[in-house]
Amino acid sequence: MKVLVIGGGAREHALCRSLSLDPDVTALHCAPGNAGIAEVAELHGVNALDGQAVAELAAGLEADLVVVGPEAPLVAGVADAVRDRGIPVFGPSAEAAQLEGSKAFAKDVMAAAAVPTARSYVCTTPEEIDEALDAFGAPYVVKDDGLAAGKGVVVTEDVEAARAHALACDRVVIEEFLDGPEVSLFAVTDGETVVPLQPAQDFKRAYDGDEGPNTGGMGAYSPLPWADPKLVDEVMATVLQPTVDELRRRGTPFSGLLYAGLAITSRGVRVIEFNARFGDPETQVVLARLKTPLAGLLHAAATGTLATFPPLRWSDGAAVTVVIASHNYPDTPRTGDPIDGLADVVAQDAPTAYVLHAGTKRDDSGAVLSAGGRVLSVTATGSDLTTARQRAYRAVDRISLDGSQHRTDIAAKVADEAAGA
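Residues numbered from 1 in each chain as written. Predicted model: local features only at pLDDT ≥ 70, side-chain atom pairs only at ≥ 80, totals over all residues. Heavy atoms only, no water.

Some words on empty space enclosed by the protein
Line of reasoning, step 1. As enumerated under the stated definition, the model contains 3 cavities of 30 Å³ or more in all.
Line of reasoning, step 2. In this structure, the largest cavity spans a volume of roughly 60 Å³.
Line of reasoning, step 3. Along the walls of the largest cavity sit L99, K103, A106, K107, M110, K143, V173, E175, I272, E273 and F274, which together make up its complete lining.
Line of reasoning, step 4. Only α6 (103-113), β9 (172-175) and β17 (268-275) provide two or more residues apiece to the lining of the largest cavity.
Line of reasoning, step 5. The leading source of residues in the lining of the largest cavity is α6, at 4 residues. (1 Å grid on protein atoms, 1.4 Å probe; cavity = no way out; pocket = protein on both sides within 12 Å on 5 of 7 lines; lining within 4 Å. Points joined across faces, edges and corners; volume = space filled by probe spheres on them. Helix = DSSP H or I, 4+ residues; strand = E, 2+ residues; numbered from the N terminus.)

Thoughts on α6
Line of reasoning, step 1. Those residues of α6 not exposed but buried are K103, A104, A106, K107, V109, M110 and A113.
Line of reasoning, step 2. Those residues of α6 that are buried lie in contact with α5 (98-101), β6 (120-123), β7 (140-144), β9, α9 (231-249) and β17.
Line of reasoning, step 3. Directly beyond the C-terminal end of α6, a positive phi value near 55° is found at A114. (Buried < 20%, exposed > 50% of the residue type's maximum accessible area, 1.4 Å probe, protein only. Contact = heavy atoms within 4.5 Å.)

Considerations on the sheet that holds strand β10 (residues 182-189)
Line of reasoning, step 1. Pairing is antiparallel in the open sheet, where 4 strands are placed in the order β11-β10-β16-β17. Only two strands of the sheet have a single partner each, and these edge strands are β11 (194-196) and β17. When strand polarity is set aside, the average angle formed by the axes of neighbouring strands in this sheet is 35°.
Line of reasoning, step 2. Where strand β16 (residues 256-265) meets β17, 7 bridges bridge the pair, whose relative direction is antiparallel. Bridge pairing in β17 links A263 to R270.
Line of reasoning, step 3. Set on the sheet, α9 makes contact with β10, β11, β16 and β17; between it and β16 the angle comes to about 125°. (Pairing = 2+ DSSP bridges. Axes fitted to C-alpha atoms, helices over the stretch in contact; angles between N-to-C directions.)

Next comes the structure, spelled out in structure tokens:
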């Protein structure tokens, strides 16, 4: 199988790493990729948002499968352009990707499918914003209706901060605050059959102790020893399958990766948001534990044959990812700084710990430089969360990036609790 992956972040590096380990993958390509992905795939300088260019590349490579990683190309219709050329593609149509592209659309789908979620108002005027903020009270949850690269949500006790964020958006969803821990659950679907992956938990706040601004995600872990063993089955029955069925009923079947961000509240499971693609950094830990070869699973979703795909196989161990971010992330991150220590991780920590590149590039001399806000995802596996954590942070300590930041408490609390139990 020849596979083309679209995107250039740590999620795509995780996908490419898993695909490169799949014996059925005979050639692996990525557009545009990054410095790390270049070590496992051939890179192509194609604009990921240009559907026709991506389709031309896929046809020229005689790709058997195209995997669209990020949300922006999906909302822009890149998967449609590839599908129109008769090439199997893992990723929903532009219409179905509105499940992530528009919070208001997602709320409408959830209402029709009786999916449990927060009560909300869609607002377009200052008057509607003030009414919604008054109706729910603090803490205020304000979401940009459109794509915002994981940074369009503000949760605050400060009504003026909430109002300012809402006014800065063309259209905004204001909703009730959901208490309880959050869970990320991915599911692979071909538009009818839904196959859930293992749940994970990510850390959105920039600093230790869940302080600071929301980010795209500063780390993640899997599995969740504290979660109800029936959680996945419950979410399948009440959230994932009803949503896929409703989109098919509307004539916009969803094929690809359906991501449910969940709150385990005092009143039961509630959907915080849907995404139309693998989440970052949760993908890094989920794929680290998946033993089933990845290409066949994604190809089955792309070709409508998931119903006959064998049950997924998982490792019994744990995985932890720690994100290394650049100076001043998430505000105005500094780029262009050299990254040292990557070879040390390969030499001393592989294969149980490894580095997935997010925002990186090589200069003319071949040195790896920072090229984004989230720069690296250091991922490690182990027999339990404590071991995986120790291995991840040992690898983090080998890496040098001037002014960089990372959280020191990823999976700390749950690892301690699991060890105590």
